[in-house]
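# Reading the structure
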Amino acid sequence: LGGALWETDGDAAALEAFEEALKIDVSVQGLGGKAATARRLGVISNEEARRLLNAALAIDPDYIWAVRELGWSHIEDRNYSDAKLAFREALDIEPKDVNARYGLGRAKLSTGSAEEALTLFNSALADAPADFSLKVYRVIALRKLDRNAQALRQANRLIAENPDRSSGYIARGLSLVALERRAAAIVTYQIADEKLGPDNAILYWYADALSVDGRFQEALQVIDRGIALDDVDYSDHLLKSYIALELENYPLARKAAEASLATGVDDPWAHYYIAITLVHEGAATEAVSRFSTAMSAGLPEHRVGAVARELISAGKYVEAAQLRLNF
């Protein structure tokens, strides 16, 4: 029943059935099903889900669903090395498993092995030619490999096959931007916005394309529409902060960067944007301190020169020199 409900009514309905099953008897299906559905619903953490999954595997080491779910839990936690191990283990059990090839491809894509990921996605699509997610990630892999003309062709097919889903339009827009066809990308997002209605992902990339084209006031209006939706995350606020910096609206840039950090994601760019606003508020010492936080969080070293220029333009020569010495 849990399996049937998962296929038809979703995780919430399935979880109740899996929990009832476990009250009657402990089984690998009950443990795996509860772990998978509760994890996706946010009822339990990925770490707690892995405890249930490993318990299932203690009963049956070849229970492939549990092995795959371990992989997906690691993907969510960005533990890509562990994810690769789990998906390879699943493929040892069933070499033709589509989900495991997809998962391994995702993990490889996230660790810079785009060519290997593309091979896995193409292999899986040979056995599951209608799988939408595989098609989407094949386009992503092609873009990572700078094969943007090919990515554009695949994106156009995605839109033709699934005109009511946002992923094809996003893939097309990103491919067009990479090909320096920004006007066509913006039109793509406009069409998607009109056809699909309010969609956070569409609005994010629409605003991003406008900002790449230097149309910052329009970009601000679009990202504000995205932020007004329910599924907003740290990246939406971060893009707004960048746009506000380009408009030299430093109070708005700082507020947006702080909103990004308030989501719980300690992104280095949020600290960097706050550092820039502090320079323009005349708080050079605080700016240098916040920039140090950004660097510790993983900001690329080439941004040192950008902050130094901001400090020099504000007449803070001593602080700029200290920045160069520190980094």
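Structure first, text after, so check above.
Residues numbered from 1 in each chain as written. Predicted model: local features only at pLDDT ≥ 70, side-chain atom pairs only at ≥ 80, totals over all residues. Heavy atoms only, no water.

### Comments concerning the overall build of the protein chain
Regarding its fold elements, the protein chain presents 20 helices and zero strands. For the protein chain, the proportion of its 327 residues judged to be buried stands at 48%. At a minimum sequence separation of 6, the contacts of the protein chain that also span at least 24 residues come to 46%. When the accessible area of the protein chain is evaluated, it comes to approximately 16000 Å², of which 48% is carbon and sulfur surface. Here the protein chain holds 36 positive side-chain charges and 48 negative ones, and the gap between their average locations is 6 Å. (Helix = DSSP H or I, 4+ residues; strand = E, 2+ residues; numbered from the N terminus. Buried < 20%, exposed > 50% of the residue type's maximum accessible area, 1.4 Å probe, protein only. Contact = heavy atoms within 4.5 Å. Areas by Shrake-Rupley, 256 points an atom, 1.4 Å probe, with all protein chains shown as cover. Lys, Arg positive; Asp, Glu negative; His and termini not counted. Charge placed at Lys NZ, Arg CZ, Asp CG, Glu CD.)

### Notes on the nonpolar core
Side chains of a nonpolar character, in soluble globular proteins, are inclined to be buried together. Counting 52 residues, the largest nonpolar core has Y63, F87, L109 and F121 as its most contacted members. Residues A253, A275, A294 and A320 belong to the second largest nonpolar core, which totals 29 residues. (Core = buried A, V, L, I, M, F, W, Y, C linked by side-chain atoms within 4.5 Å.)

### A short note on the environment of S166
As for its placement among the helices and strands, S166 is situated in helix α11 (residues 166–178). The buried category is assigned to S166, whose relative accessible area is 18%. Linking S166 and G226, residues 60 residues apart in sequence, is a C-alpha distance of 14 Å. Beyond its immediate sequence surroundings of up to four residues, S166 is in contact with L196, D199 and I202.

### Concerning helix α17 (residues 268–280)
Along its 13 residues, α17 runs 19 Å from first to last C-alpha, staying within 8% of the 18 Å computed at 1.5 Å per residue. The element α17 is extensively covered by neighbouring structure, given that 11 of its 13 residues are classed as buried. What α17 keeps buried is the set P268, A270, H271, Y272, Y273, I274, A275, I276, T277, L278 and V279. Close packing links the buried residues of α17 with α15 (234–246), α16 (250–262), α18 (284–296) and α19 (303–313). Structurally, the start of α17 carries an N-cap: the backbone nitrogen of W269 is 2.8 Å from a side-chain oxygen of D267. Positive backbone phi, at 85°, marks G282, one or two positions downstream of α17. (Expected span 1.5 Å × (residues − 1). Polar contact = N/O pair within 3.5 Å; in protein donor to acceptor, adjacent residues only side chain to side chain.)

### Side note on the side chain of D11
Topologically, D11 is positioned in helix α2 (residues 11–24). With near-sequence residues (within four places) excluded, D11 lies in contact with W6, T37, R40 and L41.

### Topic: the environment of A257
Here A257 is to be found in helix α16. Not counting residues up to four positions away in its chain, the partners in contact with A257 are S241, A270, Y273 and I274.

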